[in-house]
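Chain by chain, the residues:
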Amino acid sequence: MPTREEEKKEGPDGSNTNTNAVTTLHHHVYVRSEDHGWVPGRVIRIHKEEAEVEIDKFEDEQAMLSCTTSAADGDASGNKKETYSVDLQSYTGGVLPLQNTDDRGLLMDYEDMVDMPYLHEASILYNLKQRHLEEKPYTRSGDVVIAINPYQWYHHLYQPDQQFYYANKLLWDDYSKNRIVIVTPQLDIPGQPSSAEEAHPEHPAATPKEIPPHVYETSTLAYKGMALWGQPQSILVSGESGAGKTETVKICMHHIAELQHGPYGGNNNNDGTKIVVQRVLDSNPLLEAFGNAQTNRNDNSSRFGKYTQLQFDRQQQASSTPFDDQQMTPAKLAGSISEVYLLEKNRVVHHDRKNERTFHIFYELLAAPGNHQTAIWEEGLKGSTLDSFRYVGMTTTQKIEGVSDRNRFLKTVKALEVVGIAGDLRHDLFRSLCVVLQLGNLIFAPDPTDDDKSVIASEEELEKLAALMGEGQDVLRKALTERTMTTNNEVYKVPLNAVVAKESCDALAKDIYEKVFLWLVRTINIATSAERNYQPNNSNNKRRGSVGKKTKGPKYGVIGLLDIFGFEAFRVNRFEQLCINYANEKLQYKFTEDCFRLVEAEYKEEGVPLDNITYYDNTDVLDLIEGKTGLLAMLNEECWRPQGNAATFVNKALHQNAKSSCLIVNTMDRISFGVHHYAGKVLYDADNFVRRNQDGLASDLKECALRSTNPIIAGEYAAATEEAKAEEQAAGRSTNSNLMAKTVWTKYKTQLSKLMADLKETESRYVRCIKPNELKAPLLLEHRLTINQLRSCGIVSSVTISRSAFPNRMLNKHVLTRFGGIWHRKKKGEKTVQTASSLDKLWKAEAEALLSYALMAKRFKDPTSGKPRAGFVVGKTKAFFREGALEYLEAERMKGLDRQAAKIQRAYRAFLEHKDEIRAAAALRRRREWHQRKYRERREKRKAEEGKWKAALAQSEEEFEAHLAADWQKFSETMAEEDRLFKENLEREEIARQAQADADNQQWKEKMEREEQEWKSRMEEAAKARSAPDGDDLAKVEAEIAALKKRLQEVDLEAGEKVKESTEHLKEARSEKTKLDFKIDVDATQEERDLKRECIFAKAILEERENFIEQLKREQKRLGKMFDRTKAKKAATEESNKTLTEQCKTTSVKFERSRRQSITLGQGIESKQDVYKAVKERNQELHALTSKQDEAYSLLAESKLELQHTMAAILEIVQNECKDEELRSAVMRINVKTSRDAYKQMKLVQQMQQEAMKNRKDFSVSDLDQSWAVH
Ligand SMILES: Nc1ncnc2c1ncn2[C@@H]1O[C@H](COP(=O)(O)OP(=O)(O)O)[C@@H](O)[C@H]1O
Ligand SMILES: [Mg+2]
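Residues numbered from 1 in each chain as written. Chains lettered and ligands numbered in written order. Predicted model: local features only at pLDDT ≥ 70, side-chain atom pairs only at ≥ 80, totals over all residues. Heavy atoms only, no water.

As for the confidence of the model for the protein chain
Detailed reading of the predicted model is not advised wherever pLDDT is low. This prediction gives the protein chain a mean pLDDT of 82; 85% of its residues lie at or above 70. Of all secondary-structure elements in the protein chain, the lowest mean pLDDT belongs to helix 4 (residues 196-202), at 38, while helix 12 (residues 423-439) reaches the highest, 96. Taken as a whole, residues 70-76 scores under 50 in pLDDT and shows ten contacts with residues more than four places along the chain or in a different chain. Here residues 178-206 is a poorly scored stretch, pLDDT under 50, and it has 54 contacts once near neighbours within four places are set aside; other chains count. (pLDDT = per-residue confidence, 0-100. Helix = DSSP H or I, 4+ residues; strand = E, 2+ residues; numbered from the N terminus. Contact = heavy atoms within 4.5 Å.)

Right, here's the structure in full:
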C-alpha cells in the first residue's frame, strides 16, 4: 500500500528519486518482490535499461538477509542462486536501492538508522529485521524509537540495572556532576515566559547515541526535559493493534515511576506519595479490565485511545542544590489524569465468534467468586455461565491462555479499592454491568397481529432486567418497543418492529456501558489527580487538601503518554475507521512538523545552509476531512437534516470536495468513497455513517435509564441531560430536538483538538511500535506486514523529510576511508589539508577536497530551475550528498576495485601459468633469504660475542692491573709493617736485654757491695779477734778471706761470660735481620715475576681472540662474495624469468592459436559426430535390410534345395518307372540342366551372400562420407 507521500515524492518503493543515480556492477541492491516486498540481490550484468541481478534462493522469507557472494567468487554458503532480469525504469530514478553492506557483502547493523548511508524503505526493513532476529527489539531513527514487538519477554532488558543504566547515562550522571542547572518551577506559572528554551542550549542533553536504543531512553529524556528544564513532555506511542503500544506505555510509566525516586533510588516517598504512585500505576490494569478485549490480533487489545498525563511536583526543587540531600529528586510524581477516546462500544453487543471476546470485565464478573456474585446480583449472576448471557456467550474462546478471569476479577476489585471504589459503589458499578448483560438477553419478536410492531418474547428476562434497573416491567417494555416522536405541535408514539426494537435495545446497552466506562475514568482521575490528592512534604500548607478535593496551586510538571490506535485499513471500513484515521492524520501532521524541526536542527548544527527542503505535509487530507466543507462537516449537516442518509451525504461530500486530490470517487458504488491518506488509500463504506454519527438514543430509553435505581446509571444520564440542555440553551436551539444534539464527530473533534493543543504545549518524543507477524510468534518478521506499518507509522516519510535535499550523508572520516582510493591527493587538496587545525576540521577539509575531486566529472542540476549545483555539502562532521552523488562515488569506487581485481586476476593467471618456475624462483629466493638471514644472524652473534670478549678482556686487564697494584700495595704495606714490627721487636729486645744486663749488673754490684760489706765486717771481726790472741781463729779468717776472693773471681768470670753471651745474641739477631731483609727482597721479586707471567698469558689469549676476529672477517668477506654470486645468479634467474615470460607469451599466443584450432576442430568433430550419427542410423537401416536379404537368401536356398529334392525324386521315378526312353532322357537332360542351374543359382546366392557380408564389414564412415558427398 504505497503512501500518498511516497507516490508523490519517491514513487511506490520508498527509494529516493535518483535522477542522477547509477546502478553498477557487483552492487548489493534490493529488488522489488511481489511476495516479499524487497529481496536482496547482486548486480551481475547491466545492459542499458536492464540489469541482471543474482538472487539467492533462500529457504524462506525468514532466511533472507543479505545476498551471499557469487558462486564465481567462491560462494561458501552453498546457496543456490537465480538470475533475474530487472527493468531499471520501473525503479524510481532508474536505480536499484543499495544495501548497507560491509566489504564482505554482509548487512551492517545500525542502532540509529539515520546513520545508514543508504536510507530507504528496503534498508530500513532489513536493518529492523536483522536486529529483530538478534533479539534487539529497539532501534533508533533519529529521535524516534522503533519497537518491534518481540512476542517474548526479554526480561534482561527491563531489569532494575537497565533502568538505572539509562537513568544514569542520560540523567543522573549530568545531574550529579552538577552539569545541569535545574530550571526553577517559576517557569510553570502561566503567563510567564518559559526559560526552558534558554536552558536547553546551555545544558545540552547527554547524547543517547553511545548507548543502545531502548524505550527507557525515551522515558528518561522525557523525565529529564520535564524535571530539569521545566518543559512539558509527551511520549506518543503508535502502531497497529497488537504492535505493543500499551505494553510500551506501561514500560515507560513504570520507568518514570522509578526515576522519580531520584539518583539513589531512595525512599523519598512518604506514605501519601506512595499511594499516589500506586493509584497511578494501578489505574492501568483497571482501565484495561473495562476497555480491553481479546481480538484476533491481540489477546489484550485496548479498545479505546488513552492519553495519560503524569503530574510531577517540581516545587520542592525551587532553590535547593540536588547534591546536598540524597533524598532529593528533581521532580516527584504527584498524580495523573487520563483522557480516553473512542471506546469501541459496539463490542458490547457484537464481536466475532472466533477468537474474539467482548470486554474483559464481563468475563471477570461471570468468573467471580460465589460470594461476590451473590452480593452483586444473586438472581442473575449466581450459577451463571458464559452461555447465560447472549452478549458474552457468542464466542469460541472460553478462556484466554494463561489468564484466569477469576484472579483478574479479584485484582480488579483490589484496584477499584485503591481508587476509592468499594462497598456499595463497587456493587453499583458491577450491577450496571449486569444491566448491560441482561439487555442482551431480551428477545424481540414481531407482533403476531402486526409485523410493524414487536413484542418481547422473553418475559422472564424482562422481569429480571426490570428488577435490576428498579423500573416497572411495562414501562420498560413500552420504552423498548415504541418510540416517542416530538414535532412542533404534537407528541406521538411510533411502534418499532422487532429488528429496530432490538437495535435500540442494543443501543441502550452500548450507551450505558460507555457511560459507565467514562464514569470509571472520571472516578480514577479524581483519585489520582495531583490537584485533588497530592500533599507535598515541604509545602507551606499551600496545596494541602483532603483526598479527592480539588486544590489550587501552580501547574505541575507533565509527561503525557499517548497510547492510541494506529492507522487502520480493512476490507470494509466504517465511520470508526475514518475517526481513527483522522486522529492519525492529525498526529502525522505534528510528527512531520517535529521531523522537519529536527532536520533544521541537524543542518544548523552541521553548519549546512537550509535550502530546498521540500516535504509533503498532509494538510490536504486534513482539509478534506475537517475543513469547512469537508467530509465530516457534510456528515454533520446530513445528521441534522431530517431523513438524512448516506447517499446524499456521499453525493454532497464528493460535490463539495471535487477539487481535492485526496478524495477518491467510487463510480461503482455511490454510497462509498475513498480517501488517499498519508499512509495509503482507504475505501469507506458510508452506509452507516449517518446513524453512527448521530448515535442517538431514543428519549424513552434515556428516561428509563434516568429513572434507574442504579445511582451510577441514573447519575450519568442525569448529568448528560443537564449538559445537553445547557449546550442547547447556549446555542439557542429548541430543547427537545434529538437531531441537533452533538454528534459523535463533533465531540470527537473537540476532544482531538484539545489533545492536539495539549500536545503542542509539550516536547514530543515518538515510539513507533511494529507488529512483526500475525502469528504472535517470536523471531519472525513478515516483510509485507512490516513494510505496511513502516509506511503507516510515518517512518518512511520522516526519512523522506530528513533526506529531501540531501538524501544521503556520511561522516567525513568515513568518506575519507571509503573513497580515499579514488582521490589523487597529490593533485588536489594538499593546501587545505595543511592549514586545517583540529581533527574535525582536518577531516572536513580533506573530505571537501576529496569530494570536489571525485565528483568533478559529475554534473548535478537543480530539478526545478535546471541550473547546475553542487552535488554535496560538507558539514562540520558529516558530508551531505545530493541524489545520486553517493551512488556515483560508490560506482567509481567499485570501478577502482574492479581494476585492482583485474590486476590481481592477471597476476594470478600469470602465476598459474608459470607456477613451477615461480615456485622454483620463490624457493631459491627463500633459500637465499634463509642464507642471508642465517649469515646476518651469525654475523650479529659474532659481533655481539666479539664485543663481549673485548669488553671482558678490557675489563680483565683493568682488573688485573688493579689487582696487581692492590697486591703490590698490600705487599709493600705488609713488608713495611713487618719491618717496623721487627725493628720494634729488636729494639724492644735490646732494651730488655740492656735492662736485664743493667739489672744483673746492679744486682751483682749490690751483691758485691753486700759481700764486701760482709767481708769488711768479718775482717773487722777478725781484726778484733786477732787483737785477741787466738792463733786458730786467724787462720780461719784467712781461709775465709781466701774463699771469698775465689768466689769473687768466679762471679767476675760469670759476669764476663754473660756479657759475652748477650753480645753474641745481639750479633745473631743482627745477622738474622740481615737474612730476613734479603728474604723479603727475594719473595717480592718472585711474586712480580708470577704476575708478569699471568699478564703474558692474558695477552696471548687476547691475541688468539684477535686472530679469531680476523678469521671472522675473512669469513664475512667470503660470504659477501657468495652473496654477490647469489645476486648475480638472481639477476640471471630474473633474466631467465623474463625470457620465460616472453616464451610464455609466445606460448599463450600459440595456445590461443591452438585453442582456436581446437575450437575449429571441435566444430569439425561436432559435424563429424553428426555424420557418424547419420552413418550409424544408415548402418542400422542396412543391417535391417541385410538381415531381410539373408532371410530371403536362405528361403531361396531352401526352395532350391527342395526343388533339387523334387527333381531327384522325379528323376528317380522317371528312371524307375518311365518306360519311354525318350521321355527319360529328356527328363535327365532337364534334370542335369536344372541341377546346373540350381548349382549356378546356389553359387550366385553364396557369392551374393559373401559380397553382402563383405560390404557390411567394409562399410565405414569415410565410405558414407564419400557417398554423402556424391549425393
Ligand atoms: N516489549 C514487549 N516484550 C514482550 N512482549 C510484548 C512487548 N510488547 C508487547 N508484547 C506482547 O504483545 C501483546 C500485545 O501488546 P499490546 O501492548 O497490548 O499491543 P497494542 O496495545 O499495540 O494493541 C502483549 O500482550 C504482549 O504479549
Ligand atoms: Mg493496546
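Examining the packing of helix 2 (residues 121-133) against helix 25 (residues 783-792)
At a closest axis distance of 10 Å, the pairing of helix 2 and helix 25 adopts a crossing angle of 115°. In this structure, helix 2 meets helix 25 at a crossing whose hand is right-handed. Two secondary-structure elements touch here, helix 2 through Glu-121, Ile-124, Leu-125, Tyr-126, Leu-128 and Lys-129 and helix 25 through His-783, Thr-786, Ile-787, Leu-790 and Arg-791. Split into classes, the residues belonging to the contact of helix 2 with helix 25 amount to six nonpolar, two polar and three charged. (Axes fitted to C-alpha atoms, helices over the stretch in contact; angles between N-to-C directions. Left-handed = near helix turned anticlockwise from the far one by under 90°. Nonpolar A, V, L, I, M, F, W, Y, C, P; charged D, E, K, R; others polar.)

Thoughts on the UniProt feature "coiled-coil region" (unreviewed entry) in the protein chain
The UniProt record marks residues 1098-1129 with the feature "coiled-coil region" (unreviewed entry), using the residue numbering of this structure. The span residues 1098-1129 is 100% helical and 0% strand by assignment, and the distance between its end C-alpha atoms comes to 46 Å. (UniProt positions renumbered as here; feature names shortened; annotations may be inferred.)

A few points about the pairing of strand 25 (residues 878-881)
Side chains of strand 25 alternate between two faces, with Lys-878 and Phe-880 and Ala-879 and Phe-881 buried alike. Looking at chain direction, strand 21 (residues 808-811) and strand 25 are connected through four bridges and run antiparallel. By the bridge assignment for strand 25, Arg-809 is matched with Phe-880. For strand 24 (residues 872-874) and strand 25, the ladder comprises three bridges, and the chain directions are antiparallel. Residue pairing across strands places Val-873 opposite Phe-880, the latter belonging to strand 25. (Buried < 20%, exposed > 50% of the residue type's maximum accessible area, 1.4 Å probe, protein only. Pairing = 2+ DSSP bridges.)

Notes on the sheet that holds strand 16 (residues 557-563)
One open sheet accounts for seven strands, arranged 5-6-20-7-16-10-11; its pairing is mixed. Each edge of the open sheet is held by one strand with a lone partner, namely strand 5 (138-141) and strand 11 (332-341). Strand-to-strand twist in this sheet, taken as the mean axis angle between neighbours without regard to direction, amounts to 20°. One ladder, built from four bridges, connects strand 6 (residues 144-148) with strand 20 (residues 763-770); its direction is parallel. Bridge pairing links Ile-146 to Arg-768 in strand 20. Packed on one face of the sheet, helix 15 (residues 498-528) meets strand 10 (305-313) and strand 11 and runs near 165° to strand 11.

Side note on unusual backbone geometry
Excluding glycine, residues mostly have negative phi values, and the peptide bonds linking residues are mostly trans. Although it is not a glycine, Tyr-151 adopts a positive phi angle of roughly 55°. Position of Tyr-151 among the secondary structure elements: in the loop between strand 6 and helix 3 (160-176). Classification of Tyr-151 by relative accessible area gives partly exposed; the value is 21%. The phi dihedral of Asn-355 is positive, around 60°, even though this residue is not glycine. Positionally, Asn-355 belongs in the loop between strand 11 and helix 8 (360-366).

Considering the coordination of the magnesium ion (ligand 2)
Think of it this way: four donors in a tetrahedron around the metal ideally sit 109.5 degrees apart, and six in an octahedron ideally sit 90 or 180 degrees apart. Donor atoms from the polypeptide that bind the magnesium ion (ligand 2) are Thr-246 (OG1) and Ser-302 (OG), placed at 1.9 to 2.1 Å. Of the two residues, Thr-246 sits in helix 6 (residues 245-259) while Ser-302 sits in strand 9 (residues 301-302), which places them 56 residues apart along the sequence. Each member of the pair, Thr-246 as well as Ser-302, is classed as buried. (Donors = N, O, S within 2.8 Å, 3.2 Å for Na, K, Ca; no water.)

Topic: the UniProt feature "binding site: ATP" (unreviewed entry) in the protein chain
The positions that UniProt labels "binding site: ATP" (unreviewed entry) are, in the present scheme, Gly-239, Glu-240, Ser-241, Gly-242, Ala-243, Gly-244, Lys-245 and Thr-246. Residue contacts for Gly-239: discarding those within four places in its chain leaves Lys-245, Ile-564, Phe-565, Gly-566 and Cys-769. Residue classification places Ala-243 among the buried residues on the basis of a relative accessible area of 2%. Among residues more than four places away in sequence, those in contact with Ala-243 are Asn-149, Cys-769, Ile-770, Lys-771 and Gln-789.

Some remarks on the packing of aromatic side chains
What the rule picks out here adds up to 27 aromatic pairs. With a centroid separation of 5.2 Å and an interplanar angle of 85°, the aromatic rings of Tyr-165 and Tyr-166 are classed as edge-to-face. For Tyr-165, a relative accessible area of 31% translates into the label partly exposed. Of the residues examined, Tyr-166 reaches a relative accessible area of 2% and is grouped as buried. The interplanar angle of 35° and the centroid separation of 5.3 Å between the aromatic rings of Phe-409 and Phe-430 together place this pair among those described as tilted. Taken together, the residues span a long stretch of sequence, with Phe-409 in helix 11 (residues 405-418) and Phe-430 in helix 12 at a distance of 21 residues. Summarising the burial analysis for this pair, Phe-409 and Phe-430 share the class buried. If you follow Arg-357 out to its NZ or CZ, it ends over the ring of Tyr-363, 3.8 Å from the centre. Lying over the aromatic face of Tyr-717, Lys-515 brings its terminal NZ or CZ to 4.6 Å of the ring centre. (Phe/Tyr/Trp six-rings, centres within 6.5 Å; stacked < 30°, edge-to-face > 60°. Lys NZ or Arg CZ within 6 Å of the ring centre and 35° of its normal.)

Some points on the nonpolar core
Side chains of nonpolar character tend, in soluble globular proteins, to be buried together. Judged by nonpolar contacts, the single largest core of 117 residues is most densely connected at Phe-673 and Phe-881. By residue number, the principal contributor to this core is helix 17 (residues 575-606), which donates twelve residues. When residues no more than four places from it in sequence are discounted, the contact partners of Phe-881 are Phe-806, Pro-807, Asn-808, Arg-809, Met-810, Val-815, Leu-851, Gly-871, Phe-872, Leu-886 and Leu-889. Counting residues in each nonpolar core, the second largest holds 71 residues, with Leu-365, Ile-376, Leu-381 and Ala-698 among its members. (Core = buried A, V, L, I, M, F, W, Y, C linked by side-chain atoms within 4.5 Å.)

Regarding the site of ligand 1
For ligand 1, the set of nearby residues contains 17 residues, the closest of which are Asn-149, Gly-242, Lys-245, Thr-246 and Glu-247. The contact in question runs from a nitrogen atom of ligand 1 to an N or O atom on the side chain of Tyr-158, over 3.2 Å. Between ligand 1 and Gly-242 there is a distance of 2.6 Å, counted from an oxygen atom to a backbone nitrogen or oxygen. Relative to its unbound accessible area of 560 Å², ligand 1 is 88% covered by the protein chains. Grouping the amino acids of the shell around ligand 1 by side-chain chemistry returns six nonpolar, eight polar and three charged. (Near = heavy atom within 4 Å. Polar contact = N/O pair within 3.5 Å; in protein donor to acceptor, adjacent residues only side chain to side chain. Areas by Shrake-Rupley, 256 points an atom, 1.4 Å probe, with all protein chains shown as cover.)

Considerations on the side chain of Thr-481
Take Thr-481: it is sitting in helix 14 (residues 473-481). For Thr-481, the side chain forms a polar contact with the main-chain oxygen of Arg-477, separated by 2.8 Å. Non-local contacts of Thr-481, meaning those with residues more than four positions away in its chain, are made with Phe-444, Ser-454, Ile-456, Val-494, Pro-495 and Leu-496.

A word on the packing of helix 17 against helix 24 (residues 744-761)
When two helices pack together, their arrangement is given by the angle between the helix axes and the distance between those axes. Where helix 17 contacts helix 24, the two axes come as close as 11 Å, and the packing angle between them is 20°. By the angle between their axes, helix 17 is roughly parallel relative to helix 24. As helix 17 packs across helix 24, the resulting crossing turns out to be right-handed. Residues Phe-575, Cys-579, Ile-580, Tyr-582, Ala-583, Lys-586, Leu-587 and Lys-590 of helix 17 form the contact with helix 24, whose own contacting residues are Val-744, Trp-745, Tyr-748, Lys-749, Leu-752, Met-756 and Leu-759. Taken together, the residues of the contact of helix 17 with helix 24 break down into twelve nonpolar, no polar and three charged. (Parallel < 35°, antiparallel > 145°, perpendicular 65-115°, else oblique.)

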